[in-house]
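Understanding the architecture of this molecule
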Amino acid sequence: MDNLLDFNLRELTEYLEKFGHKPYRAKQLLKWIYQSGEHDFSQMTDLAKSFRQSLQTTSEIATPSIQLDHLSTDGTRKWLLDVGAKNGIEAVFIPETDRGTLCISSQVGCALECTFCSTGRQGFNRNLTSGEIVGQLWLANKMLREQANYRLLAHEDRIITNVVMMGMGEPLTNYNHVVHALEMMLDDHVYGLSRRRVTLSTSGLIPAIDKLRDDCPVSLAISLHAPDDKLRDEIVPINKKYPLQDLMAACIRYIEKAPRDFVTFEYVMLEGVNDSVDQAKALVKLVKNVPCKFNLIPFNPFPNSGYLCSSRSVINAFKQVLMDAGLVATVRKTRGDDIDAACGQLAGQVQDKTKRTMRLKAV
Ligand code: SAH
Ligand code: SF4
């Protein structure tokens, strides 16, 4: 069976033509799939019966299956999704007054081994397909529409207004599938999001950043986390290959053609590691030529991480240095704490539990 979530308009048109269907059918089908959120061909009532029957024999609309579905007291909703072979990925919806943001995953695990990241600790398992990436959005949309207490924002006709690729995995090491999925999110026949409302977060793979600028220049977030190469080499090991000055130059190239754009620098606050006032000052120097905003992320602890989150007062002092230098800096609100809705944690926990059960069985 072919998963129709893998196809953009052109590919779907070609696919249908192979079976002798008219090209205009592709648009009709996309409307059913994405605007109506329908996955059952038999319910697509304005399509000819013979067309629907033919689809049923060749195609499906397949999404990852839901393993856990948690609603936090603050409205954050988190799904642990099964992508086969007991592999779990996460998607998180974060409602705010003026937007609804869905955070999605690009890989099962991650190969880059940032020392403070629970996904990195799990190691790399596999890349997600484009259909599995788009499928997270499709599924979340469907579940949120069904969520009884959810009201649409007054000025929006959609629940998910923003997408961030900040879930599990390094999106730029799964480049082709990720860009294909991004293009679908921007496509008016699919989700029609503006490129400013779609953000890709990367630990800084420079050649892929340059390529993304040409292929699909969505908003860029860079996981910075350290003001100098010595520390960044240690906590974000990919820095040894793509050091900070080169990364800053890549950021400038990325937004050069769009004067209103900026890069978001993410900076996880690790107590006693990267959170001093001197490090904040060094950061100001490092980014001085890059139009940017800072998002300071309180570290989300996980078992045996070896790190603690900086105290609120230290985070505020750090933020103040950035703001005194004229930079925009915000501290990310910790959301969905009661359901472990933080980077890689739910999957980590479930996998740990599985391992524990296996250990118990082995005894
Ligand atoms: N691989 C990409 C995107 C996924 S990680 C990247 O590294 O940018 C999304 C963000 O969560 C990154 O900024 C990452 O550094 C951060 N992060 C990872 N583990 C974290 C933790 N335990 N606490 C807080 N932020 C974390
Ligand atoms: Fe991978 Fe991002 Fe985690 Fe680093 S922070 S290990 S790049 S998911």
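How each quantity is defined
- Residues numbered from 1 in each chain as written.
- Chains lettered and ligands numbered in written order.
- Predicted model: local features only at pLDDT ≥ 70, side-chain atom pairs only at ≥ 80, totals over all residues.
- Heavy atoms only, no water.
- Helix = DSSP H or I, 4+ residues; strand = E, 2+ residues; numbered from the N terminus.
- Buried < 20%, exposed > 50% of the residue type's maximum accessible area, 1.4 Å probe, protein only.
- Contact = heavy atoms within 4.5 Å.
- Near = heavy atom within 4 Å.
- Polar contact = N/O pair within 3.5 Å; in protein donor to acceptor, adjacent residues only side chain to side chain.
- Areas by Shrake-Rupley, 256 points an atom, 1.4 Å probe, with all protein chains shown as cover.
- Nonpolar A, V, L, I, M, F, W, Y, C, P; charged D, E, K, R; others polar.
- UniProt positions renumbered as here; feature names shortened; annotations may be inferred.
- Pairing = 2+ DSSP bridges.
- Axes fitted to C-alpha atoms, helices over the stretch in contact; angles between N-to-C directions.
- Core = buried A, V, L, I, M, F, W, Y, C linked by side-chain atoms within 4.5 Å.
- Domains from an automatic or database assignment.
- Parallel < 35°, antiparallel > 145°, perpendicular 65-115°, else oblique.
- Left-handed = near helix turned anticlockwise from the far one by under 90°.

1. What to know about the overall build of the chain
Along its length, the chain carries 12 helices and 14 strands. Within the chain, buried positions represent 53% of all 363 residues. Across the chain, contacts joining residues at least 24 apart in sequence account for 66% of those joining residues at least 6 apart.

2. Side note on the site of ligand 1
In the vicinity of ligand 1 there are 20 residues, among which G169, S201, S223, H225 and N300 approach most closely. Residue S223 places a side-chain N or O atom 2.6 Å away from an oxygen atom belonging to ligand 1. At 2.6 Å from an oxygen atom of ligand 1 is found a side-chain nitrogen or oxygen belonging to H225. Protein contact buries 95% of the 530 Å² of open area that ligand 1 shows by itself. At the level of secondary structure, the elements contributing two or more residues to the shell around ligand 1 comprise strand 10 (198-202), strand 12 (263-269) and strand 13 (292-298). Here the residues of the shell around ligand 1 are counted per class, giving 10 nonpolar, 8 polar and 2 charged.

3. What to know about the side chain of T202
As for its position among the elements, T202 is in strand 10. Not counting residues up to four positions away in its chain, the partners in contact with T202 are E170, L172, I209, L220, A221, I222 and S223.

4. Observations concerning the environment of T161
On the secondary structure map, T161 appears in the loop between helix 5 (130-146) and strand 9 (162-165). Each C-alpha atom, one on T161 and one on T101, is 6.2 Å from the other, the two residues being 60 residues apart in sequence.

5. Brief notes about the site of ligand 2
Near ligand 2 you find C110, L112, E113, C114, C117, G120, G169, E170 and S203, and these make up its full shell. Residue composition of the shell around ligand 2, by class: 4 nonpolar, 3 polar and 2 charged.

6. Some points on the UniProt feature "binding site: S-adenosyl-L-methionine" (unreviewed entry) in the chain
Residues given the UniProt feature "binding site: S-adenosyl-L-methionine" (unreviewed entry) here are G169, E170, S201, S223, L224, H225 and N300. Ignoring any residue separated from it by four or fewer positions in sequence, one finds E170 in contact with S106, Q107, C110, L112, S201, T202, S203 and L205. Of note is the side chain of E170, whose polar atom sits 3.0 Å from the backbone nitrogen of L172. Along the chain, S223 falls in strand 11 (residues 219-223). With residues near it in sequence (within four places) discarded, S223 still touches S201, T202, S203, R232 and E266.

7. Regarding the sheet that holds strand 14 (residues 328-331)
The strand order across the open sheet built from 10 strands is 3-4-5-6-9-10-11-12-13-14, with neighbouring strands paired in mixed fashion. For this open sheet the edge positions go to strand 3 (65-71) and strand 14, each flanked by a neighbour on one side alone. For this sheet the average axis-to-axis angle between neighbouring strands, irrespective of direction, equals 20 degrees. Note that strand 9 and strand 10 share 3 bridges and pair parallel. Along strand 10, the bridge assignment pairs V164 with T199. The sheet strands contacting helix 9 (residues 244-255) are strand 11 and strand 12, and the helix crosses strand 12 at an angle near 145 degrees.

8. Thoughts on the nonpolar core
Core analysis: the largest hydrophobic core is formed by 107 residues, its most contacted members being L29, L224, F265 and F294. The leading source of residues in this core is helix 5, at 8 residues. Split by domain, the residues of this core number at least three in each of domain 1 (2-60) and domain 2 (65-362). With residues near it in sequence (within four places) discarded, F294 still touches L224, F265, Y267, L283, V287, L322, L327, V328, A329 and T330.

9. Looking at the UniProt feature "binding site: [4Fe-4S] cluster" (unreviewed entry) in the chain
Summarizing the sequence annotation, UniProt attributes the feature "binding site: [4Fe-4S] cluster" (unreviewed entry) to C110, C114 and C117 in the numbering used throughout. In this fold, C110 is placed in the loop between strand 7 (107-109) and helix 4 (118-122). A relative accessible area of 10% places C110 in the buried class. Filtering out sequence-adjacent residues up to four positions away, C110 remains in contact with T119, G120, G123, F124, G169 and E170. With respect to the helices and strands, C114 occurs in the loop between strand 7 and helix 4. Look at C114 and you get buried, because its relative accessible area is 14%. For C114, the residues in contact, after removing those within four places along its chain, are I235, V236 and P237.

10. Quick notes on the packing of helix 5 against helix 6 (residues 175-186)
The geometry of helix 5 relative to helix 6 is characterised by a closest axis approach of 8 Å and an angle of 40 degrees between their N-to-C directions. As far as their axial angle goes, helix 6 and helix 5 are oblique. Both helix 5 and helix 6 take part in a crossing whose hand is right-handed. In this structure, helix 5 uses S130, I133, V134 and L137 to contact helix 6, whose residues at the interface are H177, V178, H180, A181, M184 and M185.

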